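Structural characterization, general
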Amino acid sequence: MNNAVLSQVLRRPEAGSFLSLVAVALFFVIFGGVNLGTLATTASWVNFAANLGIVAIPMGLLMIAGELDISIGAMIPAGSMSVAILSGHYGLPIWIGMAGALGLGVLVGLVNGLLAVRTTVPTLIITLGTLVAMQGIVLSASVLLTGSASVAVEAPAWAKFLFGHLIGGSYQVIILWWLGMTALFIGILHHSARGNWIFAMGGDKVSARNAGIPTDRMLIGLFILSAVSASFVGMCGAILFNSAQVSGGMNYIFNAVVAVVVGGVLLTGGFGSIGGIFLGTVTFAIVSQGIYFTDIDRNWSSLIIGVMLLLAVLMNNVFRKLALTAPSAKSAKK
Amino acid sequence: MTHPVLELRNVNKSFGPIDVLHDISLKINAGEVLCLLGDNGAGKSTLIKTLAGVHKPTSGEMFMDGKPVLFDKPKDAAEQGIATVHQFGGTFPLMSIGRSFFVGVEPVKKIGPFRIFDRKTANETAVKAVREFGITRIDDGDRLIGGLSGGERQSLAIARAVHFGARVLILDEPTAALGVKQSSHVLRIILEARKRGIAVIFITHQVTHAMAVGDHFAVLIRGAVAANFMRGEKTREEITDLMAGGEALASLDAEVEDYMETHDGHAPQPQPQPKAEPVA
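Residues numbered from 1 in each chain as written. Chains lettered and ligands numbered in written order. Predicted model: local features only at pLDDT ≥ 70, side-chain atom pairs only at ≥ 80, totals over all residues.

From N to C terminus, chain B includes 10 helices and 12 strands. Evaluated residue by residue, chain B yields a buried proportion of 45% over its 280 residues. Residue pairs at least 24 apart in sequence account for 66% of intrachain contacts in chain B once pairs closer than 6 positions are excluded. (Helix = DSSP H or I, 4+ residues; strand = E, 2+ residues; numbered from the N terminus. Buried ≥ 20, exposed ≤ 12 C-beta atoms within 10 Å, placed from the backbone. Contact = placed C-beta atoms within 7 Å.)

Residues and elements named next belong to chain B. Sheet topology note: the strand 7 (residues 108–111)/strand 8 (residues 114–117) ladder contains 4 bridges and is antiparallel. Looking at strand 8, one finds that V108 is bridged to F117. Counting the residues that bridge the hairpin from strand 7 to strand 8 gives 2 residues, and of these G112 lies at a positive phi of roughly 60°. (Pairing = 2+ DSSP bridges.)

All right, on to the confidence of the model for chain B then. Residues and elements named next belong to chain B. In this model, chain B carries an average pLDDT of 82, and 85% of its residues clear a pLDDT of 70 or more. Ranking the helices and strands of chain B by mean pLDDT puts strand 10 (residues 199–204) first, with 91, and helix 10 (residues 272–279) last, with 47. Under a pLDDT of 50 for its full length, residues 265–280 has, in the predicted model, 5 contacts with residues more than four places off or in other chains. (pLDDT = per-residue confidence, 0-100.)

Residue and element names in this part refer to chain B. Sheet architecture is open: 6 strands sit in the order 6-9-10-3-11-12, paired in mixed fashion. The sheet is open, and its two borders are formed by strand 6 (82–85) and strand 12 (224–230), each paired with just one other strand. Looking at each pair of strands side by side, their axes are set apart by 20° on average, direction ignored. Of the strand pairs in this sheet, strand 3 (residues 33–38) and strand 10 are connected by 5 bridges, and their pairing is parallel. Within the sheet, the bridge partner assigned to C35 lies in strand 10 and is F202. In this fold helix 5 (residues 150–163) packs onto strand 6 and strand 9 (168–172), with an angle of close to 170° to the strand it touches most, strand 6. Each of strand 3, strand 9 and strand 10 touches helix 6 (residues 180–195); the most contacted strand, strand 10, lies at about 155° to it. (Axes fitted to C-alpha atoms, helices over the stretch in contact; angles between N-to-C directions.)

A separate point is the interface of chain B and chain A. Contact with chain B, which involves 23 residues of that partner, is made by 25 residues of chain A. Breaking the side of chain B that touches chain A down by element, the ones donating at least two residues are helix 2 (74–79) and strand 8 of chain B. In terms of residue class, the side of chain B that touches chain A is built from 11 nonpolar, 4 polar and 8 charged. (Nonpolar A, V, L, I, M, F, W, Y, C, P; charged D, E, K, R; others polar.)

Residues and elements named next belong to chain A. Closest axis-to-axis distance for the helix 6 (residues 94–118)/helix 12 (residues 215–241) pair is 7 Å, and the angle between their directions is 145°. The hand of the helix 6/helix 12 crossing is right-handed. Of the residues that constitute the contact of helix 6 with helix 12, the class distribution is 20 nonpolar, 7 polar and 1 charged. (Left-handed = near helix turned anticlockwise from the far one by under 90°.)

To summarise the sheet geometry, strands pair through backbone hydrogen bonds and adopt either a parallel or an antiparallel arrangement. Residues and elements named next belong to chain B. Reading across the sheet, the 4 strands line up as 2-1-4-5 and stay open at both edges, with antiparallel pairing between neighbours. Because the sheet does not close on itself, it has two edges, and the strands there are strand 2 (18–28) and strand 5 (67–69). In this sheet, adjacent strand axes meet at a mean angle of 30° when their direction is disregarded. Across 3 bridges, the pairing between strand 4 (residues 59–64) and strand 5 is antiparallel. Following the sheet pairing, F63 is matched in strand 5 by P68. Helix-sheet contacts for helix 1 (residues 44–51) involve strand 1 (6–15) and strand 2, and the interaxial angle to strand 2 is about 60°.

A negative phi angle is the norm for most residues apart from glycine, just as the trans form is the norm for most peptide bonds. Residue and element names in this part refer to chain B. Even without being a glycine, E173 presents a positive backbone phi close to 50°. Checked against the element boundaries, E173 lands in the loop between strand 9 and helix 6. In this model, R222 sits at a positive phi of 45°, which is unusual for a non-glycine residue. Positionally, R222 belongs in the loop between strand 11 (216–221) and strand 12.

Given 3.6 residues per turn, any residue in an α-helix points the same way as the ones three and four places further on. Residue and element names in this part refer to chain A. Across its 13 residues, helix 13 (residues 250–262) extends 19 Å between first and last C-alpha, which sits within 8% of the 18 Å expected from 1.5 Å per residue. Tucked into the core, helix 13 has its buried residues touching helix 2 (15–32), helix 4 (43–64), helix 5 (72–89), helix 14 (274–290) and helix 15 (301–325). Following helix 13 by one or two positions, G264 has its phi on the positive side, about 95°. (Expected span 1.5 Å × (residues − 1).)

Moving on, we come to the packing of helix 4 of chain A against helix 13 of chain A. All names here are of chain A. Where helix 4 contacts helix 13, the two axes come as close as 9 Å, and the packing angle between them is 65°. Along this stretch, helix 4 crosses helix 13, giving a crossing that reads as right-handed. Between helix 4 and helix 13, the contacting residues are L52, V55, A56, M59, G60 and M63 on the first element and Y252, N255, A256, V257, A259 and V260 on the second.

As structure tokens, this is what we get:
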């Protein structure tokens, strides 16, 4: 019976990320002398996790569907520059700037998605292309239109309240968006028919299409979701900090991939969970930001992340094998 | 007289200048197993892809229940009740039995404004469907497909096709990758499907498997139907001869020798060599 319960737990894609989180927390407590209570309520890693988490969820969905989108690295500054140029430099109402930022996300997502379904080029390459191209567009447009690579924007109170204020003086409001998005996509991925389609697409795209799933439409939708989410993170940043820069965002690519893979998503598709991505994001954020609250020199954080990534992936592989071979709960009871 | 469920009349298929299927005419009735035999490259795959709507015939006609049909895409064929099960059966190894059973046709229940994937119904239906086919070892719909044996996966895929109303079941080499015991499971399931009045097209190059379940046999050679006969009309040896190229036994022997010689040249496995030498 115990075995059955254990195998049920290990069968879940979140198992590896949960253990990673526990391991990291233990490591910090034992070697870093950190107080867990302080760590748990520290705004810095929560803010970091929220921004990362909003791009990690669509990244994870794409990965489960068997694809990748690295153009998010350019879409984050693109989103913040769009809102800053339209509403800051040109003084248009903030909603036009926001519509511009999100609209640009829809457009780039559409380009990525159409290229992915119309060509046989791997999406890593397609989105590498749009990543570099968008960087060029954002920089050129910014310099051409404003003469600067950094633009200020002043958002009205309602926009600040919704997208860019600090709750209790230190928690970014985007945390609520992240939590909401996590809940929404747990519902979609694990409890709706569409979620099943995403898993099927990652398992075998041809069979999925033959089963009547509109794989092309789903894929384009996922790319749009990814680009819009990245653009949204950029937009919230611009509204919060009252300014936008053309640089930044590249770190998000690798951070999101690490968070998603630590979260138990299979790089080649067909397996993963939103809960796992959430835990992977939290773990990543605690390692990279929480280290400031430990006695450990922060220069070690990248080493910890690297080791954690490898360990988590190895663990996930072991758990996946267990999931395939473990006796089911019902048959174990007999 | 009732019409055959599926009939091909003079179907040709060419890809550019290459003719793959020549003048294929076949009939299959409900509750009948048609064994499609042929060596590699004989056009079996192209034929089943044409039946399944992946390819359109270059010329010729297809009929279902006596009415002409034309499939533009696999979905059209599927809607007419033509289901194909491929060699490895379940294609989503990391999905649960219940989830993969219902890919594309997920059962949902309404909870408030939301339409929720009904995992319980999906699992129960899937397990029940496959158990009705005699695979009683499958009892938990949450198990992952990748954890099933090859025969169980095939059985699940066949049960799935039948559950969703397949009238013509195309089985593409279902036993090719299986051991003896697993194969007999699959053969039993083919018979069960036949009993339910399904027209089964069983593609194989294992004559023993074909003889065990077939009512009607067609041998394909270089894209043409070289022989078309009913159960009991030909012996095992005759069928093997036909598959090897339609030659008589005498010339087959020569062919086997030729094959062994060329095979010796490549000699990928050392095992057959010592056996082959004393015979030669």
